[in-house]
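# Notes for the structure review
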Amino acid sequence: MTDPGTRRSWWKEAVVYQIYPRSFNDSDGDGVGDIPGIIEKLDYLADLGVDVVWLTPVYESPDNDNGYDIADYRSIDERYGTMADWEELLAGLHERDIRLVMDLVVNHTSSEHEWFRRSRESKDSEYRDFYIWREGRRVDGEGGPRGPEGEAPPNDWESFFGGPAWSYDERTGEWYLHLFDVKQPDLNWENPAVREEIFEMMEWWLAKGIDGFRMDVINIISKPEGLPDGEDPNAVVHGADQYVNGPRVHEFLGEMYDRVFAGRDAMTVGEMVDLSVEEAPDYVGEDGDGMSMAFSFDHLRLDFGGNGRWSRGEWSLVELREVLSDWQDGLADDGWNSLHLNNHDQPRAVSRFGDDGEYRRESAKLLGTLTHTLRGTPYVYQGEELGMTNYPFESLDEVRDVDTLQNVATAKLDGRIETEEEALDLVRYRSRDNARTPMQWSAAENAGFTAGEPWIGVNPNYPRINAERARVDGDSVWHYYCDLIDLRSEHDVLVYGAYDLVLADHEEVWAYTRTLGDERALVVLNFADGRSRFEPPSSLDGAPSKLLLCNYEATASAVEPVELRPYEARVYRLTA
Ligand code: TEU
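Residues numbered from 1 in each chain as written. Predicted model: local features only at pLDDT ≥ 70, side-chain atom pairs only at ≥ 80, totals over all residues. Heavy atoms only, no water.

## With respect to the overall build of the protein
This is how the line gets drawn: Numbered from the N terminus, helices here are DSSP runs of H or I no shorter than four residues, and strands are runs of E no shorter than two. Just to be clear, the radius of gyration here is over C-alpha atoms, and the globule rule we use is 2.2 Å times residues to the power 0.38. Throughout, exposure labels follow a simple rule: accessible area from a 1.4 Å probe, protein chains only, divided by the maximum for the residue type, with under 20% read as buried, over 50% as exposed, and the rest as partly exposed.
Of the regular secondary structure elements, the protein holds 17 helices and 22 strands. Here the C-alpha radius of gyration of the protein, 24 Å, is about what a compact globule of 576 residues would show, namely 25 Å. Dimensions of the protein, computed from the C-alpha atoms along their principal axes, are close to 75 × 55 × 50 Å. When burial is assessed residue by residue, the protein has 61% of its 576 residues classed as buried.

Below, the structure is given as structure tokens:
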């Protein structure tokens, strides 16, 4: 096929499993997961059938943002093990035909990175321009938080984690930019020496045999000249309209491609802040930056309230279907989607889009069916294959995440949250820590995650929801995920087939077909916690059909009018 959308690639056919090492498996009893702990579970990954592991940061880090604050790019943090352990992990994965994608965090470093330590020493340091330093603005009286009397930050940008995106550094009397935490200064990509260092480091990891990179917030690395104040009151965070898809981003990524990726068959997935489907081909399309795919978040914003992420709104199937269908259509001929409802920054999807009570199993399977049968590469976040749920926070003392703590503090200051109960309510719904509780391996103490004291609370539902139990229960979410992964690898139509929406107006049922030549699949998903009627459209009349997968005991094998049960999911094969 010549159509770039159907051109074959290993990463289009792959299912990716995301490991958040801190919370995956602890081998030495210090309460923090580690690389030898992952090695112990390699057969678990192989049994599940995944093709790629994306490992979130394991580099040396003061861990202010759980490793997304890197102090040394070419090292393994001792909490996670040694470089020899990491090499053993890579070999163990490759032996099982599982590839490894590492996390690339190059919008910022830790403030403990040597570059920043030297940068802040003096204005003449050779590393000064590795970061973004500016003088403050003169104001009458108090300038606001984090600065001296009479000075305000250089502009009005806010941090993703709440509060100003600038901090004053007394040593040189200037401010540095940090779009995330105070301890995560933004690198200055305008400086060619910075780019050179990064490209060399990427080559160094590729030479070690890794198969690609997941690129943290990669579309915000280019900041506009003059760093103008934010203009859009609806920006994801104040100021983001100025640097999201910034002026030189494609130039920088093009340079990265030419320098690092040209001639290699690596997989790259760019995590994109506020990317629209119209802009996506510039990164992932035929004439784009050569990136394999992007993580977009339009569908994970549907339940934001009037005040953005840290306020609560309602999502509907109609909107979810519309947004994801737009992405399916938008990248149909040019580019490739990544399919994800979970990651380490999001609450658990079964609690968010499904039902983590009565229909936990059914709804977890339904959501898995969606991410494995749309067109794109599916991502499974650790524990998703068990139907792990949000955590029942009872006190803010249980929260570890800097994003949650700072945003809650900012919301309190602004008067958006008044009581502890309001804060907890939001934390239970939104906090990233919901996804960061330890992987539930068994009914043993601490869910079998650690022999010590876990760094964050274990979800109390572990005696019921755990891998050991799921593996001996033929009806578990785990077994269903194994079936989904097998199904996708057996049916090219589920990987490459074109997406077409069926029944565009139904409020509870999402149905679509996938078509590749003579091959056709039909997916029917009931998003309601009650029964919903599905009438197959006449366009599907007469085609012989066979049910391939269903999350309930199947009744009939052919496509026919049916009362779908709560959260019922069906995948059919249709033959012409
Ligand atoms: O997240 C990017 C990002 O935009 C997040 O701040 C997001 O707004 C929030 O997590 C809710 O989705 C990436 C990493 O995935 C995240 O873990 C890091 O904290 C962040 O970058 C900074 O490196």
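## Some remarks on the site of the ligand
Operational definition: Consider each residue's heavy atoms; a residue with any of them within 4 Å of a molecule or strand counts as near. By the criterion applied in these results, polar contacts are pairs of N or O atoms within 3.5 Å in which, for protein atoms, one can donate a hydrogen and the other can accept it, and in which residues neighboring in sequence qualify only through two side-chain atoms. Note on residue categories: nonpolar means Ala, Val, Leu, Ile, Met, Phe, Trp, Tyr, Cys or Pro, charged means Asp, Glu, Lys or Arg, and polar means any other residue, Gly included. An automatic or database domain assignment supplies the start and end points of every domain.
The environment of the ligand is made up of 16 residues, and the closest members are Asp65, His108, Asp216, His344 and Asp345. Taking His344, its side chain carries an N or O atom lying 2.9 Å from an oxygen atom of the ligand. Grouping the amino acids of the shell around the ligand by side-chain chemistry returns 5 nonpolar, 3 polar and 8 charged. Formed jointly, the shell around the ligand draws a minimum of three residues from each of two domains, domain 1 (9-108 + 192-395 + 433-479) and domain 2 (109-186).

## Section: the domain arrangement of the protein
Taken domain by domain, the protein consists of domain 1 (9-108 + 192-395 + 433-479), domain 2 (109-186), domain 3 (396-430) and domain 4 (498-574). For domain 3 and domain 4, the distance between their C-alpha centroids amounts to 41 Å.

## Observations concerning the environment of Gly163
Spelled out, the test is: The contact definition used throughout considers only heavy atoms, calling two residues in contact when any of these lie within 4.5 Å.
With respect to the secondary-structure elements, Gly163 resides in the loop between strand E6 (151-152) and strand E7 (166-169). Considered as a pair, Gly163 and Leu179 are 16 residues apart in the sequence and their alpha carbons are 9.9 Å apart. Discounting chain neighbours no more than four positions away, the residues touching Gly163 are Glu158 and Thr410.

## Overview of the side chain of Arg120
Within the element layout of this structure, Arg120 appears in the loop between helix H5 (114-119) and strand E4 (133-134). Judged by its relative accessible area of 18%, Arg120 falls in the buried class. The contacts of Arg120, once residues within four sequence positions are left out, are Arg128, Trp133, Asp169, Arg171, Thr172 and Tyr176.

## Description of the sheet that holds E4
Quick note on the threshold: Strands were regarded as paired on the criterion that DSSP finds at least two bridges between them.
The strand order across the open sheet built from 3 strands is E4-E8-E7, with neighbouring strands paired in antiparallel fashion. Either end of the sheet is taken by a strand with one partner, and the two such strands are E4 and E7. Sheet topology places E4 next to strand E8 (residues 174-177); 2 bridges connect them, and they run antiparallel. In the sheet register, Trp133 faces E8, and the bridge partner there is Tyr176.

## Overview of the packing of helix H6 (residues 192-207) against helix H8 (residues 249-261)
Worth spelling out the cut-off: The axes are straight lines fitted to the C-alpha atoms, using for helices just the contacting stretch, and the angles between their N-to-C directions are given from 0 to 180°. An angle below 35 degrees is treated as roughly parallel, one above 145 as roughly antiparallel, one from 65 to 115 as roughly perpendicular, and anything else as oblique. Note: crossing handedness is left-handed where the near helix turns anticlockwise from the far helix by less than a right angle, and right-handed where it turns clockwise.
At a minimum axis distance of 10 Å, the contact between H6 and H8 shows a crossing angle of 40°. On the basis of the axis angle, H6 is oblique to H8. Here the hand of the crossing between H6 and H8 comes out right-handed. Contact residues: H6 offers Arg195, Glu196, Phe199, Glu200, Met202, Glu203 and Leu206, while H8 offers Phe252, Glu255, Met256, Arg259, Val260 and Phe261. A class-by-class count of the residues in the contact of H6 with H8 yields 7 nonpolar, no polar and 6 charged.

## Considerations on the pairing of E8
Side chains Glu174 and Tyr176 of E8 all project onto a buried face; the interleaved residues Trp175 and Leu177 project onto the opposite face, where all are buried too. Of the strand pairs in this sheet, E7 and E8 are connected by 4 bridges, and their pairing is antiparallel. If you follow Asp169 over to E8, its bridge partner there is Glu174. The hairpin turn running from E7 into E8, its antiparallel successor, is 4 residues long, and Gly173 in that turn takes a positive phi close to 65°.

## Notes on the pairing of strand E10 (residues 267-271)
Regular strands have side chains that alternate between both faces of the sheet. E10 sits mainly inside the fold: 5 of its 5 residues count as buried. Burial along E10 is two-sided: Met267, Val269 and Glu271 facing one way and Thr268 and Gly270 facing the other are all buried. Here 4 bridges tie strand E9 (residues 212-215) to E10, and the two strands are oriented parallel to one another. Along E10, the bridge assignment pairs Gly212 with Met267. With 3 bridges joining them, E10 and strand E11 (residues 293-295) adopt parallel strand pairing. Counterpart to Glu271 in the pairing with E11 is Phe295.

## Some remarks on the side chain of Arg321
What counts here: Two residue types count as positive, namely Lys and Arg, and two as negative, namely Asp and Glu; His and chain ends fall outside the count. Put simply, a salt bridge is a Lys or Arg side-chain nitrogen that is within 4 Å of an Asp or Glu carboxyl oxygen.
Turning to its location among the elements, Arg321 is positioned in helix H10 (residues 317-330). Buried and unpaired, Arg321 has Asp505 as its nearest opposite-charge partner, separated by 6.0 Å. Polar side-chain contacts of Arg321 include one of 3.0 Å to the backbone oxygen of Ala504. A distance of 2.7 Å separates the side chain of Arg321 from the backbone oxygen of His506, its partner in a polar contact.

## Quick notes on the sheet that holds strand E20 (residues 545-550)
Within the open sheet, the 5 strands sit side by side as E16-E17-E18-E22-E20. Their pairing is antiparallel. This sheet does not close on itself; its edge strands, each paired only once, are strand E16 (498-502) and E20. Strand after strand, the sheet turns through a mean of 25° between neighbouring axes, direction not considered. The sheet contact formed by strand E18 (residues 519-526) and strand E22 (residues 569-575) spans 7 bridges and is antiparallel. From the neighbouring strand, Glu519 faces E22, where its bridge partner is Thr575. Of the strands in this sheet, E16 and strand E17 (509-516) touch H10, which is tilted by about 15° from E17. Along the sheet face, helix H16 (residues 477-490) touches E20 and E22 and points at about 140° away from the line of E20.

## So, helix H4 (residues 83-95)
Note the following rule: A helix is expected to span 1.5 Å multiplied by its residue count minus one. The arc in question is the one spanned by the directions pointing from the helix axis to the C-beta atoms.
For H4, spanning 13 residues, the distance from its first C-alpha to its last is 18 Å, which sits close to the expected 18 Å at 1.5 Å a residue. Listed as buried for H4 are Asp85, Trp86, Leu89, Leu90, Gly92 and Leu93. Buried residues of H4 fall within an arc of 165° about the axis and therefore sit on the same side. Of the surrounding elements, those touching the buried residues of H4 are helix H2 (35-40), helix H3 (42-48), strand E2 (52-55), strand E3 (99-104) and H6. Asp97 occupies a position one or two residues after H4 and carries a positive phi of about 60°.

## What to know about the pattern of salt bridges
Going through the model one piece at a time under the given rule, you end up with 47 salt bridges. Between Arg432 and Asp345 there is a salt bridge; the shortest N-O distance is 3.2 Å. With Arg432 in the loop between helix H14 (420-430) and helix H15 (467-472) and Asp345 in the loop between strand E14 (338-339) and helix H11 (349-352), the pair connects residues that are 87 residues apart, well separated along the chain. Of the two residues, Arg432 and Asp345, neither departs from the other in class, the shared state being buried. The partner of Glu568 in a salt bridge is Arg565, with the nearest N and O atoms 2.9 Å apart. For Glu568, a relative accessible area of 0% translates into the label buried. Residue classification places Arg565 among the buried residues on the basis of a relative accessible area of 15%. Members of the salt-bridge network, linked through shared partners, are Asp65, Arg309, Asp345, Asp401, Asp403, Arg432 and Arg436.

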